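So you can see what is in the structure, the chains are spelled out below.
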Amino acid sequence: MDNWDEFLAPYKQAVEELKVKLRGIRKQFAIEDDRSPIEFVTGRVKPVPSILDKMNAKKIPMERIHCDMQDIAGLRMMCQFVDDIKNVVEILRKRNDFKIIEEKDYISHKKPSGYRSYHMVVEYPVQTIHGEKKLLAEIQIRTLAMNFWATIEHSLNYKYNGDFPEEIQTRLQRAAEAAFRLDEEMSLIREEIQEAQLFFTKKKE
Ligand code: 0O2
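For every chain, the first residue of the written sequence is number 1, and numbering continues from 1 onward in sequence order. Given that the model is predicted, a residue must reach a pLDDT of at least 70 before its local features are reported, and side-chain atom pairs must reach 80 or more before they are shown or counted; all residues, however, enter totals for whole chains, interfaces and linings. With hydrogens and water set aside, each side-chain value is computed from the structure's full complement of heavy atoms.

Identification of the protein as GTP diphosphokinase from Domibacillus antri is taken from an unreviewed UniProt entry. In its Pathway (unreviewed entry) section, the UniProt record describing the protein reads: "Purine metabolism; ppGpp biosynthesis; ppGpp from GTP: step 1/2." UniProt positions are given in the numbering used here, feature names are shortened, and annotations may be inferred rather than shown by experiment.

Printed below as a string of structure tokens:
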């Protein structure tokens, strides 16, 4: 690739636009005095070394990168409770500013690593000076506990290149189970938590 900046520019634009749009959902709930199923939204463009690593690992040629690498533009939506995830998915399915290409439910079917998250691959149209460019973006929807585990596992993955020592592997599996139980426990006291949060928000106003 001669010019990564030029190649990644529309992806950067897509991430910036989608961050504003997805954060807008949270704002709409606030305006309507309703509790948002979204806690916060982040976004990033995949760094060039990670793109190159993935091209290498998955044998993706440069000319297929725009269709075979679906997460160059990546968005993450964090929720407090597991049940919030399906509400967010429903909200995203109703939108008409992007087209859903694929959904991957790693919550009902967690990955062997212990990874849990809901992924949506969308085709998003970016307006450029040369006209419209449709590109793929991946939206990951997960709870705070799922995000905590995935973030830690991801950094360890970088350190050990996926080849974890046995002890770390065991601890990561246990941590994944603990994150799962945390989500379950929080779901059980969900109503209590929500009442307290509503009380706290009203008190601040
Ligand atoms: P980065 O650094 O986040 O960009 P594959 O990579 O083959 O498992 P595929 O087909 O590329 O999967 O898509 P999938 O399954 O939607 O996974 C893409 C992204 O999901 C990954 O991007 C991670 O962000 C996240 N993910 C998937 N599996 C795991 C996992 O076991 N642990 C963690 N921590 N994250 C995971 P990248 O390119 O791997 O990384």
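Next comes the rest of the description.
Attention shifts here to the side chain of Thr143. Positionally, Thr143 belongs in strand β5 (residues 131-143). Whenever a nitrogen or oxygen atom comes within 3.5 Å of another N or O atom, the pair is scored as a polar contact, on the condition that within protein one atom can donate a hydrogen and the other can accept it, and that pairs from neighbouring residues in sequence are kept only if both atoms are in side chains. Of the polar contacts made by the side chain of Thr143, one reaches the backbone nitrogen of Met146; its length is 3.1 Å. Residue contacts for Thr143: discarding those within four places in its chain leaves Met78, Cys79, Gln80, Phe81, Val82, Ile85 and Asp183. Here a helix means four or more residues in a row that DSSP labels H or I, a strand means two or more in a row labelled E, and each is numbered from the N terminus. Throughout, a contact is declared for two residues whenever any of their heavy atoms are within 4.5 Å.

Within the fold, Cys67 resides in helix α3 (residues 65-68). Counting along the chain gives 66 residues from Cys67 to Met1, while the straight-line C-alpha distance between them is 16 Å.

Here we take up the site of the ligand. Summary of the distance rule: residues count as near a molecule or strand when at least one heavy atom falls within 4 Å of that molecule or strand. By nearness alone, 17 residues border the ligand, and Lys46, Tyr106, Lys111, Ser113 and His119 come closest of all. In the environment of the ligand, an oxygen atom lies 2.7 Å from a nitrogen or oxygen atom belonging to the side chain of Ser113. Here an oxygen atom of the ligand and a side-chain polar atom of Glu138 are 2.8 Å apart. When the ligand sits alone it has 710 Å² of accessible area, and the protein chains cover 76% of it. Broken down by element, the shell around the ligand gets its largest block of residues, three residues, from helix α5 (residues 144-160). Note on areas: these come from Shrake-Rupley sampling with a 1.4 Å probe, and a residue is covered only by the protein chains present in the view.

Our next topic: the packing of aromatic side chains. Here is the rule: rings of Phe, Tyr and Trp (six-membered ring for Trp) pair when centre to centre is within 6.5 Å. Planes less than 30 degrees apart are stacked, more than 60 are edge-to-face, and the remainder are tilted. Per the counting criterion, the structure on display carries four aromatic pairs. With centroids separated by 5.7 Å and ring planes inclined at 85 degrees, the aromatic side chains of Trp4 and Phe7 adopt a geometry described as edge-to-face. Of this pair, Trp4 and Phe7 both sit in helix α1 (residues 4-31), three residues apart, roughly one helical turn. Phe7 shares its class with Trp4; the two are buried. On the numbers, 6.1 Å between centres and 70 degrees between planes, the contact of Tyr160 with Phe164 is edge-to-face. Three or more aromatic residues joined by ring pairs make a cluster, and in this case those are Trp4, Phe7 and Tyr11. Exposure classes here rest on a 1.4 Å probe applied to the protein chains alone. A residue is buried below 20% of its type maximum, exposed above 50%, and partly exposed in between.

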